[in-house]
Amino acid sequence: MIDIHCHALNSIDDGARDLSESLEMLKLANENSISAIIFTPHIKCGGDIDEFINKRDALFDELKSAAKDFECPELYKGAEVYADDDIFYADIERLTINNTKYILVEFNFIQFIPQRIEKYFNEIKSLGLKPIFAHPERYSYCQNDYEFLNYLRRMGVLFQINASSLAGMGSMNEFLLAKELINKQMASFIGSDGHSPRGRTNELLKMASAFPSDLDAQYLDYVLNETPLLLLGDEEIPDSSIGQIAKQGNYRRFH
Ligand SMILES: [Fe+2]
């Protein structure tokens with residue numbers, strides 16, 4: 001498996017706190033059959049991109065050399081870009097995953113205004129980039145309005161869901177949306193979004209063992225192993241969706 005969303009690079013965001021926590025997370029990755037990790041530290045698109053890249057690259061080199069004596073997953077650089085109105089002025093092409101056209105983006109959880117989100121995705125696309133929406137299932141707006149995600153998917157936005165959501169470690173609404181995104185083959189990636197060797201970990205295999213047993217195993221295999229390779233190679237990820245997502249059976253009518 002390839003973990004496309006992970007905060008195991010230390011001292012740059014709210015992920016691993018120091019080199020030893022980073023190394024512990026690499027060890028957990030090994031134990032969880034993770035063959036490659038993309039480090040995706042948080043950055044605001046209005047932040048100092050030069051400073052972020054210099055710091056990330058230095059920490060990456062430091063971790064890589066500290067891990068050279070271990071059997072270690074392959075390591076790649078990326079970012080999780082917090083998009084807001086600054087996106088129209090930021091040099092976000094420099095924040096893509098492994099220097100591909102793919103960029104992982106997140107938004108304000110509370111002030112999630114769909115018209116603005118659509119504008120940000122359009123801006124990203126106008127730069128020739130391919131947006132990946134990080135864990136849409138965690139936003140209460142999306143949990144209430146599945147139609148908005150159908151709309152974004154038709155626009156060409158890709159979705160990455162968190163393994164913890166699908167393993168039922170978050171809220172019920174988060175789980176139901178994550179499951180529906182897999183059932184309709186609308187999620188292109190599953191990442192750990194691991195932040196620490198304890199608590200919010202990157203134990204992808206352990207979480208996968210708690211996924212609902214009625215999910216399509218072949219599709220899970222595809223999103224955990226194959227789409228990340230297409231992403232790393234900057235290749236096209238085909239639209240494999242089968243229909244649109246819809247809320248399932250939670251409605252009761254009282255007359
Ligand atoms: Fe994240």
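Residues numbered from 1 in each chain as written. Predicted model: local features only at pLDDT ≥ 70, side-chain atom pairs only at ≥ 80, totals over all residues.

With respect to the overall build of the protein
When helices and strands are counted, the protein shows nine helices and nine strands. What you see for the protein is a C-alpha radius of gyration of 18 Å, in line with the 18 Å of a compact globule of 255 residues. With the principal axes as the frame, the protein shows a C-alpha extent of 65 × 45 × 30 Å. Put simply, 78% of the contacts in the protein that link residues at least 6 apart link residues at least 24 apart. (Helix = DSSP H or I, 4+ residues; strand = E, 2+ residues; numbered from the N terminus. Rg over C-alpha atoms; globule rule 2.2 N^0.38 Å. Contact = placed C-beta atoms within 7 Å.)

A few points about the sheet that holds strand β1 (residues 2-6)
Within a sheet, neighbouring strands are paired by backbone hydrogen bonds and run either parallel or antiparallel to one another. Taken together, three strands build an open sheet; the order of strands is β1-β2-β4 and the sheet is parallel. In this open sheet, the two strands that pair with only one neighbour each are β1 and β4 (74-77). Recorded for the sheet is a direction-independent mean angle of 20° between the axes of neighbouring strands. By the bridge criterion, three bridges tie β1 to strand β2 (residues 36-39) in an arrangement that is parallel. In the strand pairing of β2, Asp 3 is matched with Ile 37. (Pairing = 2+ DSSP bridges. Axes fitted to C-alpha atoms, helices over the stretch in contact; angles between N-to-C directions.)

Section: the environment of Ile 113
Structurally, the position occupied by Ile 113 is in the loop between β6 (102-106) and α3 (114-126). For Ile 113, a count of 11 C-beta atoms within 10 Å corresponds to the exposed category. (Buried ≥ 20, exposed ≤ 12 C-beta atoms within 10 Å, placed from the backbone.)

Here we look at the environment of Phe 60
Of note, Phe 60 is situated in helix α2 (residues 49-66). C-alpha separation for the pair Phe 60 and Ala 8, spaced 52 residues apart in sequence, amounts to 10 Å. Those residues within four positions of Phe 60 in sequence are excluded, and the remaining contacts are Leu 9, Phe 39 and Lys 77.

Some words on unusual backbone geometry
If a residue is not glycine, its phi is most likely negative; likewise, a peptide bond is most likely trans. Of note, Asn 99 is a non-glycine position whose phi angle comes to about 55°, a positive value. Mapped onto the elements, Asn 99 comes out in the loop between β5 (80-82) and β6.

Some remarks on the pairing of strand β8 (residues 158-162)
Along β8, five of the five residues are buried, which leaves the element largely enclosed by surrounding structure. Where burial is concerned, the two faces of β8 agree: the one with Leu 158, Gln 160 and Asn 162 and the one with Phe 159 and Ile 161 are both buried. Here strand β7 (residues 130-134) pairs with β8 via three bridges, running parallel. Of the residues in β8, the one forming a bridge with Phe 133 is Phe 159.

Some words on the sheet that holds β6
Read from one edge to the other, the open sheet built from six strands follows the order β3-β5-β6-β7-β8-β9, with strand pairing classed as parallel. The open sheet has two free edges, formed respectively by β3 (42-44) and β9 (189-191), since each of these has just one partner strand. For this sheet, the mean angle separating the axes of adjacent strands, direction not counted, is 35°. Two strands pair when backbone bridges link them, and β6 and β7 are joined in this way by four bridges, in the parallel orientation. Considered in β7, the bridge of Tyr 102 is made with Lys 130.

Examining the confidence of the model for the protein
The predicted model of the protein averages 95 in pLDDT, with 97% of residues at 70 or higher. Confidence drops under a pLDDT of 50 for residues 251-255, and excluding neighbours within four residues, the segment shows zero contacts in the predicted structure. (pLDDT = per-residue confidence, 0-100.)

With respect to the environment of Ile 2
Tracing the sequence through the fold places Ile 2 in strand β1. Overall, the presence of 24 C-beta atoms within 10 Å leaves Ile 2 in the buried class. Sequence spacing of Ile 2 and Ala 29 is 27 residues, and the spatial spacing of their C-alpha atoms is 9.4 Å. Aside from chain neighbours lying at most four places away, what touches Ile 2 is Ser 35, Ala 36, Asn 225, Pro 228 and Leu 229.

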